Amino acid sequence: PVRDLLHPGDTVVLVIPIDKAAPKGRLILPQQQVIRDILEAEGATVVMTRTEDILLYDRNVNFQGRKKILDLAARRIVAEKTAATAAESGGTSLFISIHMNAFTQSQYKGLQVYYSPNHTMSATLAQGIQSRVSEQLQPDNHRKIKRAGSEIHLLEHLNCPAVLVECGFLSNAEDCAALSDKVYQQKLAFLLFCAIQESLTDIKKADTSDRTVALAQKAYAFELKFRQEDLIFGKKYNIMNYRMSKT
């Protein structure tokens, strides 16, 4: 269970944008709520940028033509601050952005996961989600995870394990019908949670390993510095003894 992977004070970053393609968030909010409720029941801390279909821009500034840019900047700040808080407390953090896809051609369907190139465990998290959903909910989904490029702003800039999940295509009749079904929504949300749970084990091990390496490097640097200082002192001490023996 997740409670074995996390401890009080640990933070799981779960940032969920509400996609305008899903009217009033009715197709995305159920995923968010189920995942949030399960994670919180298991002792995790869930941080969300928003829970309703509004952009996070400051209404007191000149936002004309800049709403989306300001919204992304605000969400990035939330994610970075939460990840920093988790790191300071020795916790494990991750970022998941949930969306609904759409395309001009209706034949495209299926869940697709993108991962951030800035953390080695992002691909692990993405593959866990893609594989579990393909195996247990979308058996005809043969999509592969994709490395995010500069077009996905948040994944390009965040340094914690981060993925973007396109749950399906609203432009495809079959996907749209499934994503509109409450039972299907709950199944998908639970599979996303299970993938998160599995990936947290690997992410936590990687974080622990990284911290161990960092501590070992610091210890080695301190020992090396101590030896150098001791060597310098020894040289000075020998020179002083030599000079004293000459006088």
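What counts as what
Residues numbered from 1 in each chain as written. Predicted model: local features only at pLDDT ≥ 70, side-chain atom pairs only at ≥ 80, totals over all residues. Heavy atoms only, no water. Helix = DSSP H or I, 4+ residues; strand = E, 2+ residues; numbered from the N terminus. Buried < 20%, exposed > 50% of the residue type's maximum accessible area, 1.4 Å probe, protein only. Contact = heavy atoms within 4.5 Å. Areas by Shrake-Rupley, 256 points an atom, 1.4 Å probe, with all protein chains shown as cover. Pairing = 2+ DSSP bridges. pLDDT = per-residue confidence, 0-100. Expected span 1.5 Å × (residues − 1). Salt bridge = Lys/Arg side-chain N within 4 Å of Asp/Glu carboxyl O. Polar contact = N/O pair within 3.5 Å; in protein donor to acceptor, adjacent residues only side chain to side chain. Phe/Tyr/Trp six-rings, centres within 6.5 Å; stacked < 30°, edge-to-face > 60°.

K.L.:
Could you give an account of the overall build of the protein, with specific residues and numbers?
P.N.:
When its secondary structure is counted, the protein shows 6 helices and 6 strands. When its helices and strands are written in sequence order, the protein yields β-α-β-α-β-β-α-β-α-β-α-α. Buried positions account for 43% of the 247 residues belonging to the protein. Counting only contacts in the protein whose residues sit at least 6 apart along the sequence, the fraction spanning at least 24 positions is 78%. Approximately 13900 Å² of the protein is accessible, and the part contributed by carbon and sulfur atoms is 55%.

K.L.:
Report on the pairing of strand 4 (residues 112-115), specifying residues and quantitative values.
P.N.:
Residues Gln 112 and Tyr 114 line one face of strand 4 and the alternating positions Val 113 and Tyr 115 line the opposite face, and both faces are buried. Direction of pairing for strand 4 relative to strand 6 (residues 162-169): antiparallel, over a ladder of 4 bridges. Residue pairing for strand 6: Tyr 115 is matched across the bridge by Val 163. Pairing of strand 4 with strand 5 (residues 146-147) involves 2 bridges; the strand directions are parallel. When the bridges of strand 5 are listed, Tyr 115 appears paired with Arg 147.

K.L.:
Provide a residue-level description of the confidence of the model for the protein, including the pertinent values.
P.N.:
Overall, the prediction assigns the protein a mean pLDDT of 76, with 67% of residues at 70 or greater. Per-element confidence in the protein is highest for strand 4, whose mean pLDDT is 96, and lowest for strand 1 (residues 12-13), whose mean pLDDT is 60. In this model, residues 211-215 is a region of pLDDT below 50 whose contacts with residues beyond four sequence positions or in other chains number 2 contacts.

K.L.:
For the sheet that holds strand 5, give the residues involved together with the corresponding values.
P.N.:
Spatially, the 4 strands line up as an open sheet ordered 3-6-4-5, and their pairing is mixed. The outermost strands of the open sheet, each flanked by one partner alone, are strand 3 (95-101) and strand 5.

K.L.:
Residues and numbers for helix 3 (residues 122-136), please.
P.N.:
In this model, helix 3 (15 residues) spans 22 Å end to end at C-alpha, consistent with the 21 Å of a helix rising 1.5 Å per residue. Within the sequence span of helix 3, burial applies to Ser 122, Leu 125, Ala 126, Gly 128, Ile 129, Gln 130, Arg 132, Val 133 and Ser 134.

K.L.:
Go over the pattern of salt bridges, please, and point to the residues and values.
P.N.:
Here the structure, examined in full by the defined rule, presents 4 salt bridges. Lys 109 is the salt-bridge partner of Asp 140, the closest N and O atoms lying 3.1 Å from each other. Here Asp 140 is found in the loop between helix 3 and strand 5, whereas its partner Lys 109 is found in the loop between strand 3 and strand 4, with 31 residues between them in sequence. According to the relative accessible area criterion, Lys 109 is partly exposed, its value standing at 28%.

K.L.:
If you had to explain the environment of Asp 37 to someone new, which residues and values would you point to?
P.N.:
Counting through the fold element by element, Asp 37 comes out in helix 1 (residues 29-41). One polar contact links Asp 37 to Arg 36, side chain to side chain, over a distance of 3.2 Å.

K.L.:
Quick one: what's the story with the pairing of strand 3, residue by residue and with numbers?
P.N.:
With 7 of its 7 residues buried, strand 3 lies for the most part within the structure. The alternating pattern of strand 3 places Phe 95, Ser 97, His 99 and Asn 101 on one face and Ile 96, Ile 98 and Met 100 on the opposite face, and all of these are buried. Where strand 3 meets strand 6, 6 bridges bridge the pair, whose relative direction is parallel. By the bridge assignment, Ser 97 is partnered in strand 6 with Leu 164.

K.L.:
Report on the environment of Lys 205, specifying residues and quantitative values.
P.N.:
Within the element layout of this structure, Lys 205 appears in helix 6 (residues 182-246). Looking at Lys 205, the relative accessible area reads 57%, which means it is exposed. In this structure, the C-alpha to C-alpha distance between Lys 205 and Thr 92, residues 113 residues apart in sequence, is 9.7 Å.

K.L.:
Just give me the short version of helix 2 (residues 67-88), but keep the residues and values in it.
P.N.:
In this model, helix 2 (22 residues) spans 32 Å end to end at C-alpha, consistent with the 32 Å of a helix rising 1.5 Å per residue. Those residues of helix 2 that fall on the buried side of the exposure criterion are Leu 70, Asp 71, Arg 75, Ala 79, Thr 82, Ala 83 and Ala 86. A positive phi of about 75° marks Gly 90, the residue just after helix 2.

K.L.:
Mind laying out the packing of aromatic side chains, listing which residues take part and the relevant values?
P.N.:
Each aromatic ring pair is specified by the distance between its two centres and by the angle formed by the two planes. Within the structure shown, the criterion is met by 2 aromatic pairs. A centroid spacing of 5.3 Å and a plane angle of 85° characterise the contact between Phe 103 and Tyr 108, whose relative ring orientation is edge-to-face. According to the relative accessible area criterion, Tyr 108 is partly exposed, its value standing at 35%. Residues Phe 190 and Phe 193 carry aromatic rings whose centres are separated by 6.1 Å and whose planes lie at 40° to one another, so their mutual orientation is tilted. With Phe 190 and Phe 193 both in helix 6 and 3 residues apart, this pair spans about one turn of that helix.

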